[in-house]
Amino acid sequence: MLPSLLVASLSLATAGWALHESDVGVVDWHTRLVGVPLQTTFHGDLILTTTASNVFAALNATDGSIAWRSIHDDDDPVAAFDVYDHSNVALLSGAGGSTLRTYDTSTGHLLLERRLHNPAHARRHEMQHVAITTGWGSVEGSTTLFALTNGDTVSRIDSRSGEVVWTWSSPDEGSLVVYSHIRTTPDAVYAVGFTKSKAAYTLHVTTLSIANGSTIASVAIPANLAKDKPGFVLLEAPTSSLTAPGPCLTWLESTTIRAAVLTPGLKGQVQILPGVNYTRIQDIGLAGAGQLIAFTQDGSAHVMRYDGESLRQMWEFTDVVPSQTHTESYFAGSLSEDGEPRIASVYWSHGSRKAIHQTFTPRLTEGKGQVTGYAFPFRTHEHGVIRHVTFDGRSSHTHETTRLLLTTSTGTLQLWKHDTPQWSREEALSTIRVAAFVPLPPPSASSSLSAGSTVGKGISSTVLTCVRRFSKSILQHLRTYAVGPIIHEDGSTRSSDAPSGLYSDQFGFRQVIVAATTEGVLYGLDSSDGRVIWRRLFGLGWASDRVGGRVLPVKMYVLPAKVGRVPSDGSEEETMKQTVVVVTQRRAHNSLVDTVVFEVDPLTGNDVRPLEDGESDTSRSRYGPLEGKDVIQGPMIESFVLPDGQGTVGMLDEFLQVQLYPDTPVTRASLENLAPSLHLVLPTRTSSTPSPERGNDNDFSTRTQLVGHRITFNDNVSIVHVAYPTWRIMLGPGETIRETIRSGKDVGQELSVGKVLGDRRTLYKYLNKHLRVVLTEAKGTGTQTGPESSGTMCGLYVLDSVKGTVLYRVRLPAPEGRCDDVRAALVDHWLVYSYFEDGTSAGGDGTKGWRIVSVEMYEGKKPDDVTRSLELSSYSNATTDFTTYEQAYLIPYGVTALSTTSTRLGVTLKNLIVASRRHAVHSVPRRLLDPRRPLGKPSPSEVEEGLVTYDAVLPDDARLTLSHNYEVANVRQIMSAPSRLESTSLVLAIGLDLFLTRVSPSGTFDVLSENFNKAQLVLTIGGLALAIGLVRPVVRRRKLRGRWYSA
């Protein structure tokens, strides 16, 4: 009981690290996202969407805000949804559609959750095999849902109780026929799918009794569907039909459209539409109204309509394929307020530099149609090209009220009302891959430049200019001290007379966050409020005009300041400015991979690459896509920054040749000088060899190795520097490398190199700047005995990258055969890792739950032993002379990301920042994770040191939750950055959402409290100065008189 009270009191003492309620939203911010949309549909004033981040959400169509969202785990993918009763939505998710959920569309409240089958028994198919639809209106009782799961099972479900009325399963259980669509009529349920074959797919239709699920008929329809693009559209008869015919199955065979009107008995003939050669057919959301779009070989698109008897063409859109004047046309369908179908076509015009919208309104009673249109100023240079269109047919009665939802190639979601943008969502921010903090210059830096230059002036002018700047700086500091910094609503501390451009606040809280996304967008974010300062698109280079492709960011480096020229009052002055280099992989659609480097100004996003021959600075666009430098014609193995102070980036190609950016004689000479001090660790795989222990010459296995490399130059081998191996570590059979982690901060920047104990002895930190953490995953080989023989195990290694010595190693359990739950962070001498203990691993205590292990490394074997590890050569045997202290703790939540706080000088204690599966961000005090906490009653020296009795369970204190009530979902990465205050660190959580806050692990010891009486202190100092001025003449006269008398 006493240890728990001590731990609780310690957590209460540190509760000041969390923010007060009044600070929420002022010193932190939270950006909620849903992910890049995959499917969107209007539902009244809501927009329902499924996204690539496995989220099902509803957006407010009026302002784009998130009305509600349902975030699904990776093993519960969203599969299909359908709206019923005008106010509810049914959703199938999980492997094979294993789980059914229903929601209230206005509030997002979960109405029903039902498991339809065990996800472990789900079947995997290449094509769509999950669908859901509502029952026909004539079904008595509450609304009935019909779900197609696993591609072979149809279930009828009561939407209120969740009761499964009946279930039908395919006789072959999906081995031959895979169903993908279902439709209902008053008489039957139609299940349509593919029959597998080697050369092509054929179609198969089964009809079921809507009352009991018995099979009415099951027929294979002769078809020849291409395996690379199999597809069909199941059209329903329009409600205006006098009779209630069955659906119309429409497919494309070669270049001919074929259609079959289905009946419960599946008796009928296939209709062929001759005379026109088609390339593909597309469901534009009007299958329920009996309409689809068919694209022809001559570049037009036909609107096809099923009238209950046959399939016919009713309209033609011309020139819908890409050309020199316009892009490809994108189609979307919707119903108007009176239930009539509307079709929208959107494309980009190269001539007018605008997007063109056309609306087709059929006049079914007259057998005619009408097309109206307008242009709207879509900014393709900022948001990419249009990829998907969703049309609100209810708003199409006039141009001024037409609402159009666009999804672009950069993940942007925009709503347009006629030619006016209503709102925009930057959903690409949910796909951030690499990011970095860049400090902003203070306001005085920009104002000092305008005060006049000292270059080329005389000594007197230089002195006067310096005195003027110094006096202005002193006045600014005195004014700030007297009245304090002005805290604005955005949490910044800018002064009223500061320039309007980008600048830092007094404490360095305002910085630029440069973030690169997998959607090909580079963002500059304001760390004070999270707003987007600038955005730039990654250019595709040669692939943009030929084959297309994607640019995936790999690494990001903030390069040191470079010398430039800034005009000021007719003169020039040297200034310093940081730049950001993004190393990317360009993957063209023709499978070619290139390594491309982009360099930008973090304040503006402008391209600041070194000018090439014949290129001028004015030729670079400040608004179009960024053009990078092709450094490697192929993939990149590893990248690093040369410690030359000039911001030179080195990259290894497939042949381990070192390519530099920028590649100049100066950077090559710098590499030549620094090559002996560069050490790289690369994973490789051995060539396949027979596995002798299995006794089969046809059985092959591969082994993964960790190989250390150094860099040298040999003109007999290559014209550039080449990396060559220096050591190897062979991993176990089936063991692969998941991740390699470097220290979170350059070792040696801390002022503290040791920890003073309560008895005045000192533990000196083991500071080895060459440490690497390697996370591995080992699949069971079945050749061992014991509990590890059949399952997967996770590995964690800490090694010296210079000579390959393994300094620390541990085997961890892998629940469900995966090591995704193992997270690790290394900073200075402190290693922290987390994992899930399933209670069955060897050596465990049988307790199931999440654990965090804290490991500290100190020099020597006992306190006061010194080896000077920071200055020690890695080839010295003393590098292995260290002692580890470690302790494991149970935590009440799963961990998705780990990191530590960081400050400029390292004086402040480091807290552990943890992102949990609760969709929250926590700060765990360092003292709670001290591995030297005594197991029994602390001794007097341990009490003096601040150690408390070890408790296996870390307290679940809500006051240590940095994210408060925010739902910070699916955090993948946590970054920290120092501010100008040594006490305060900025913490950024990156995942589906973005969240930033400030953390002060040791308290704000370098900031005066709000109730500090500054005026009284100034008056006291002023009074003392005045008293000194008045007393000084009296003291001087006394001393003089005393000398006379003493003489």
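Scroll up for the structure.
Residues numbered from 1 in each chain as written. Predicted model: local features only at pLDDT ≥ 70, side-chain atom pairs only at ≥ 80, totals over all residues. Heavy atoms only, no water.

J.: What exactly am I supposed to notice about the overall build of the protein here?
T.: Across its full length, the protein holds 7 helices and 65 strands. Counting all 1047 residues of the protein, 50% fall into the buried class. The contacts of the protein with a sequence gap of at least 6 include a subset with a gap of at least 24, amounting to 54%. Carbon and sulfur atoms make up 51% of the accessible area of the protein, which totals about 49200 Å². (Helix = DSSP H or I, 4+ residues; strand = E, 2+ residues; numbered from the N terminus. Buried < 20%, exposed > 50% of the residue type's maximum accessible area, 1.4 Å probe, protein only. Contact = heavy atoms within 4.5 Å. Areas by Shrake-Rupley, 256 points an atom, 1.4 Å probe, with all protein chains shown as cover.)

J.: What is the right way to read a nonpolar patch on the surface from this model?
T.: Together, Leu1008, Phe1012, Leu1017 and Ile1021 make up a nonpolar patch on the protein surface, roughly 330 Å² of accessible area in all. You can see Ile1021 is positioned in helix 7 (residues 1014-1046). (Patch = residues over 30% accessible without salt bridge, like charges linked within 9 Å, V, L, I, M, F, W, Y side chains within 5 Å. Salt bridge = Lys/Arg side-chain N within 4 Å of Asp/Glu carboxyl O.)

J.: Teacher, can you tell me more about the state of the cysteines here?
T.: Two cysteines form a disulfide when their sulfur atoms are joined by a covalent bond. Counted by the stated rule, this structure contains 1 disulfide. One disulfide bridge connects Cys794 with Cys819, the sulfur atoms lying 2.0 Å from each other. An S-S torsion of about -100° defines the bridge between Cys794 and Cys819 as left-handed. Residue Cys794 is found in strand 54 (residues 793-800), and its partner Cys819 is found in the loop between strand 55 (806-813) and strand 56 (823-827); the two are separated by 25 residues along the sequence. Taken individually, Cys794 and Cys819 each receive the classification buried, so the pair is uniform in this respect. (Disulfide = S-S within 2.5 Å.)

J.: Would you mind showing me how to read helix 5 (residues 665-674) here?
T.: The periodicity of an α-helix, 3.6 residues per turn, causes residues three or four places apart in sequence to face the same way. For helix 5, the full list of buried residues reads Thr667, Arg668, Ser670, Leu671 and Leu674. Seen from one end, helix 5 has its buried residues packed into an arc of 160°, which puts them on one side. The exposed set on the far side of helix 5, more than 90 degrees from its buried face, consists of Pro665, Val666 and Asn673. Buried residues along helix 5 sit against strand 44 (658-661). (Arc of directions from axis to C-beta.)

J.: Please explain the environment of Gly991 as it appears in this structure.
T.: Here Gly991 lies in the loop between strand 64 (985-990) and strand 65 (994-999). When its relative accessible area of 0% is taken as the criterion, Gly991 is described as buried. For the pair formed by Gly991 and Arg972, sequence separation is 19 residues and the distance between their alpha carbons is 5.0 Å. Leave out the neighbours within four places in its chain, and Gly991 touches Leu429, Ser430, Ala969, Asn970, Val971 and Arg972.

Spatial relationships are all this shows, so hold off on functional conclusions.
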